[in-house]
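Descriptive structure summary
So you can see what is in the structure, the chains are spelled out below.
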Number of protein chains: 2
Amino acid sequence: MLNTILKAGQILDLFSFDKSEWGVSEIAATLDISKSSVYDLVASLAHIGLLQRTEQGRYRLGWRMLTYSQILLQSTEFRAEARKGMEDVAAELGETVHLAVLDGNMVVYADKLQGHNAVHVAVTNSGVRLPGHGSAVGKVLLSHRPWHEVVSIMEEQGMTAFTANTITSIEAFRDELEQVRKQGYAYDMEETVVDLCCAAAPIFDFAGQVIAAMSVSVPAYRFERQPTLYRNAIMRVCRRVSRNLGYVPAHSNPNVDTKEVLAHESKRT
Amino acid sequence: MLNTILKAGQILDLFSFDKSEWGVSEIAATLDISKSSVYDLVASLAHIGLLQRTEQGRYRLGWRMLTYSQILLQSTEFRAEARKGMEDVAAELGETVHLAVLDGNMVVYADKLQGHNAVHVAVTNSGVRLPGHGSAVGKVLLSHRPWHEVVSIMEEQGMTAFTANTITSIEAFRDELEQVRKQGYAYDMEETVVDLCCAAAPIFDFAGQVIAAMSVSVPAYRFERQPTLYRNAIMRVCRRVSRNLGYVPAHSNPNVDTKEVLAHESKRT
DNA sequence: TGAATTCGTCCGGTTATGTCGAACATTCTT
DNA sequence: AAGAATGTTCGACATAACCGGACGAATTCA
């Protein structure tokens with residue numbers, strides 16, 4: 001691990017919605033690095049466009065971030081497919097639809113679509129990062145990771161309770177994930193936000209890996225009346241998206257070695 | 001300038017829409033860096049989330065890019081204001097509206113909105129970077145930079161002709177920029193794309209600095225019939241956006257020292 | 001099917017270079 | 001107008017980034 005890059009990462013992580021502008025001394029004090037080192041770091045980061053220098057010598061995130069993120073989104077094949085599915089769900093149910101992926105320890109929202117009679121979920125715009133427990137998409141994504149990995153993630157960042165319903169014990173979470181993986185969908189019964197429920201399902205790629213999760217968010221009073229309606233809709237769409245990505249759902253045994261599958265695949269270029 | 005960061009920047013710049021996945025050896029050969037160094041670099045970049053490792057040990061841009069870009073966009077106050085203006089223009093004229101900022105030597109599109117009878121300009125999505133000469137927004141942004149800076153930018157990247165109308169001589173460009181600055185708007189008469197014309201105007205912040213440019217893109221046959229209609233609409237909206245950002249257009253002399261203006265401003269935190 | 005090539009990954013020595021403290025320049029505060 | 005912040009520059013030292021080489025695994029070719 002290169003020290004310089006790690007420090008650059010620490011600096012970038014300081015920039016948030018609440019505090020989007022930092023000075024050299026400020027950064028140095030926060031991260032306990034010498035002022036001159038920070039100066040070199042931010043100057044270099046500004047030079048490659050990840051930061052930009054204001055006229056007063058302070059620093060903000062650079063516009064090249066936008067460029068990179070667009071390249072990422074456009075080159076991610078599944079996203080175009082997923083988008084179509086999201087539009088179908090939004091049109092059919094009229095609720096808010098989310099697309100999420102796993103980035104290290106956190107769930108990142110990759111896309112969002114508001115239905116015509118949707119509640120506005122302010123905190124879940126694209127790019128927002130949330131811990132994996134508690135949200136329906138988080139459960140789906142984590143349910144397909146090895147258990148020891150889930151444990152270390154939970155240990156590292158704890159299991160904060162967002163509402164009274166949030167799962168906060170590791171044992172309960174293990175049971176929940178097992179059920180989610182088995183039945184192919186996850187619910188969020190007001191575990192993240194009160195009065196808001198979600199149903200989520202996984203999206204598989206051609207190699208049978210879970211690469212994303214899609215969810216529909218519905219006000220609790222509406223959701224509780226017919227949860228299976230939302231669950232079935234999201235599962236149906238996710239299955240179709242997965243199939244369009246080359247997933248073959250025939251596998252009765254999901255633990256098949258992916259190498260064999262890959263060996264039979266034609267080369268992608 | 002820190003070597004490590006510069007190399008990280010070179011690596012990140014390799015990732016494009018056409019080639020969004022790179023291997024270690026591939027990067028090493030392209031940038032003429034030793035394979036082991038590249039390995040350390042990409043592993044570190046993946047660790048801080050700017051890259052992600054595929055299962056085969058190749059690398060793609062990381063999802064944290066999306067997070068950073070969202071923070072950038074949401075924390076850029078002017079963007080919310082500009083968005084309102086863009087919606088007004090799109091509603092009034094029904095054409096495609098662009099918002100652009102200057103990032104080093106390049107013009108970056110920060111936002112885009114399609115009008116109801118708009119032509120589709122495929123190459124100008126958010127995040128796309130283009131050279132400054134030739135486009136209307138580029139002229140507007142560059143017209144408020146010191147001339148020697150414009151010269152060095154043009155010398156560095158040349159003045160490629162996109163169409164027969166593109167300005168390719170530095171003298172003609174100086175005259176054009178002078179006129180643009182004086183009259184407060186810029187035209188693009190099929191200088192970037194044939195059959196497409198634009199009108200652009202600057203957006204000022206509270207300190208009187210040009211921080212962005214907004215443009216409307218119209219098919220040439222429609223534009224040529226009444227160019228002043230589009231010019232006036234875009235200027236009117238840009239003036240309003242600037243005013244909402246705290247710009248005081250009263251200055252009869254635009255060369256007033258900004259320090260005085262800043263001294264009268266209350267502290268922003 | 002087996003051999004050969006190419007890939008990502010790992011390791012340790014060398015030296016380039018990132019780091020730090022101190023001094024300077026600049027801006028904001030009192 | 002003085003003081004205390006800030007961002008910036010410099011030079012010397014010691015760290016850690018860099019490279020070449022070796023390894024296993026995956027892929028390609030015969």
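What you see is a predicted model; the values in this text were computed from it and never measured.

1. Here we look at the overall build of chain A
A tally of helices and strands in chain A yields 11 helices and 8 strands. Counting all 269 residues of chain A, 52% fall into the buried class. Approximately 12500 Å² of chain A is accessible, and the part contributed by carbon and sulfur atoms is 50%.

2. Topic: the domain arrangement of chain A
Assigned domains of chain A: these are domain 1 (3-66) and domain 2 (77-260). One C-alpha centre belongs to domain 1 of chain A, the other to domain 2 of chain A; they are set 34 Å apart.

3. Description of the protein's contact with DNA strand D
Taken together, 20 residues are adjacent to DNA strand D, and Val24(A), Ser25(A), Tyr39(A), Arg53(A) and Ser37(B) come closest. The sugar and phosphate moieties of DNA strand D supply 76% of its atoms located within 4 Å of the protein. Measuring from a phosphate oxygen of DNA strand D, one finds a side-chain N or O atom of Ser34(B) at 2.8 Å. Here a phosphate oxygen of DNA strand D and a side-chain polar atom of Ser37(B) are 2.5 Å apart. Those elements that provide at least two residues to the surface near DNA strand D are helix H1 (3-14), helix H2 (24-31) and helix H3 (35-47) of chain A together with helix H1 (3-14) and helix H3 (35-47) of chain B.

4. What to know about the interface of chain B and chain A
Contact residues are listed per partner, giving 52 residues for chain B and 52 residues for chain A. On the chain B side of the interface with chain A, the three residues burying the most area are Ile5(B), Trp63(B) and Tyr68(B), jointly 15% of the side's total. The interface formed by chain B and chain A holds 4 salt bridges in total. In this structure, Arg64(B) engages Asp103(A) in a salt bridge whose closest nitrogen and oxygen atoms are separated by 3.6 Å. The interface formed by chain B and chain A contains 9 residue pairs in polar contact (both at pLDDT 80 or more). Secondary-structure elements contributing two or more residues to the side of chain B that touches chain A are H1, H3, strand S2 (59-61), helix H4 (64-75), helix H5 (77-93), strand S3 (96-103) and strand S4 (106-113) of chain B. With 12 residues, the top contributor of residues to the side of chain B that touches chain A is H4(B). Looking at side-chain class alone, the side of chain B that touches chain A contains 26 nonpolar, 18 polar and 8 charged residues.

5. Notes on the sheet that holds strand S8 (residues 210-219) of chain A
All names here are of chain A. If you walk across this open sheet you meet the 6 strands as S5-S4-S3-S8-S7-S6, and the pairing is antiparallel. In this open sheet, the two edge strands, each paired with only one partner strand, are strand S5 (129-131) and strand S6 (186-189). Across this sheet, the average inter-strand angle for adjacent strands is 30°, counted without regard to direction.

6. Side note on the sheet that holds strand S5 (residues 129-131) of chain B
All names here are of chain B. A sheet is described by the order of its strands in space; here 6 strands give the open sequence S5-S4-S3-S8-S7-S6, paired in antiparallel fashion. Strand pairing shows two members of the sheet lacking a second neighbour, S5 and strand S6 (186-189), which therefore form its edges. On average, each strand axis in the sheet is inclined to that of its neighbour by 30°, with strand direction left out of account. Here S4 runs beside S5; their pairing, made up of 3 bridges, is antiparallel. Residue Val-107 lies in a different strand from S5, and its bridge partner there is Leu-130. Those strands touched by helix H10 (residues 227-244) are S6, strand S7 (196-204) and strand S8 (210-219), and its axis lies near 20° from that of S7.

7. Some points on unusual backbone geometry
Residues and elements named next belong to chain B. Of note in this structure, Asp-32 is not a glycine but carries a positive phi near 60°. Its location among the elements puts Asp-32 in the loop between helix H2 (24-31) and H3. With phi around 70°, Asp-195 is a residue other than glycine that occupies positive phi space. Assignment of secondary structure puts Asp-195 in the loop between S6 and S7.

8. Thoughts on the relation of the copies chain B and chain A
Mapping chain B onto chain A calls for a screw motion: a turn of 179° about the axis and a shift of 0.0 Å along it, with 0.2 Å RMSD after fitting. Such a combination of turn and shift is consistent with a two-fold rotation axis. The position closest to the rotation axis in chain B is occupied by the C-alpha of Met65(B), lying 3.0 Å away. Looking at chain B, 100% of its interface residues are interface residues in chain A too, so the copies touch through the same face.

9. Considering the protein's contact with DNA strand C
The local shell around DNA strand C holds 21 residues, among which Ser37(A), Val24(B), Ser25(B), Tyr39(B) and Arg53(B) are the closest. Here a phosphate oxygen of DNA strand C and a side-chain polar atom of Tyr59(B) are 3.3 Å apart. Going through the elements one at a time, H1 and H3 of chain A together with H1, H2 and H3 of chain B are the ones with two or more residues in the surface near DNA strand C. Partitioned by chemical class, the residues of the surface near DNA strand C number 6 nonpolar, 10 polar and 5 charged.

10. Some points on the pairing of S3(B)
The side chains of a regular strand alternate, first on one face of the sheet and then on the other. Residue and element names in this part refer to chain B. The buried fraction of S3 is high, at 7 of 8 residues. Pairing of S3 with S8 involves 5 bridges; the strand directions are antiparallel. Across the sheet, His-98 pairs through a bridge with Ser-215, a residue of S8. Both S3 and S4 contribute to a ladder of 7 bridges, which runs antiparallel. Bridge pairing links Ala-100 to Tyr-109 in S4. With antiparallel pairing between neighbouring strands as the criterion, S3 and S4 make up a hairpin whose turn holds 2 residues, including Gly-104 at a positive phi of roughly 65°.

11. Overview of the nonpolar core
Counting residues in each nonpolar core, the largest one holds 120 residues, and the members touching the most others are Met214(A) and Met214(B). If you look at the next biggest cluster of nonpolar residues, it comprises 15 residues, including Val107(B), Cys198(B), Phe204(B) and Val210(B).

12. Some words on the packing of helix H7 (residues 147-157) of chain B against helix H8 (residues 170-183) of chain B
Residue and element names in this part refer to chain B. One can describe the packing of H7 onto H8 by two numbers: an axis separation of 12 Å at closest approach and a directional angle of 140°. Taken together, the axis directions place H7 and H8 in an arrangement best described as oblique. Like other packed secondary-structure pairs, H7 and H8 cross with a definite hand, here right-handed. Residues Trp-147, Val-150, Val-151 and Met-154 of H7 touch H8, and the partners they reach there are Ile-170, Phe-173, Arg-174 and Leu-177. Across the contact of H7 with H8, the residue classes tally to 7 nonpolar, no polar and 1 charged.

13. Comments concerning the side chain of Arg222(A)
Residues and elements named next belong to chain A. On the secondary structure map, Arg-222 appears in helix H9 (residues 220-223). For Arg-222, a relative accessible area of 19% corresponds to the buried category. At a separation of 2.4 Å, a polar atom in the side chain of Arg-222 contacts the side chain of Glu-95. Setting aside its immediate chain neighbours within four residues, Arg-222 contacts Glu-95, Asn-117 and Tyr-230.

About the thresholds
Residues numbered from 1 in each chain as written. Chains lettered and ligands numbered in written order. Predicted model: local features only at pLDDT ≥ 70, side-chain atom pairs only at ≥ 80, totals over all residues. Heavy atoms only, no water. Helix = DSSP H or I, 4+ residues; strand = E, 2+ residues; numbered from the N terminus. Buried < 20%, exposed > 50% of the residue type's maximum accessible area, 1.4 Å probe, protein only. Areas by Shrake-Rupley, 256 points an atom, 1.4 Å probe, with all protein chains shown as cover. Domains from an automatic or database assignment. Near = heavy atom within 4 Å. Polar contact = N/O pair within 3.5 Å; in protein donor to acceptor, adjacent residues only side chain to side chain. Contact = heavy atoms within 4.5 Å. Buried area = accessible area lost by both parts, 1.4 Å probe. Salt bridge = Lys/Arg side-chain N within 4 Å of Asp/Glu carboxyl O. Nonpolar A, V, L, I, M, F, W, Y, C, P; charged D, E, K, R; others polar. Pairing = 2+ DSSP bridges. Axes fitted to C-alpha atoms, helices over the stretch in contact; angles between N-to-C directions. Least-squares fit on C-alpha atoms with pLDDT ≥ 70 in both. Core = buried A, V, L, I, M, F, W, Y, C linked by side-chain atoms within 4.5 Å. Parallel < 35°, antiparallel > 145°, perpendicular 65-115°, else oblique. Left-handed = near helix turned anticlockwise from the far one by under 90°.

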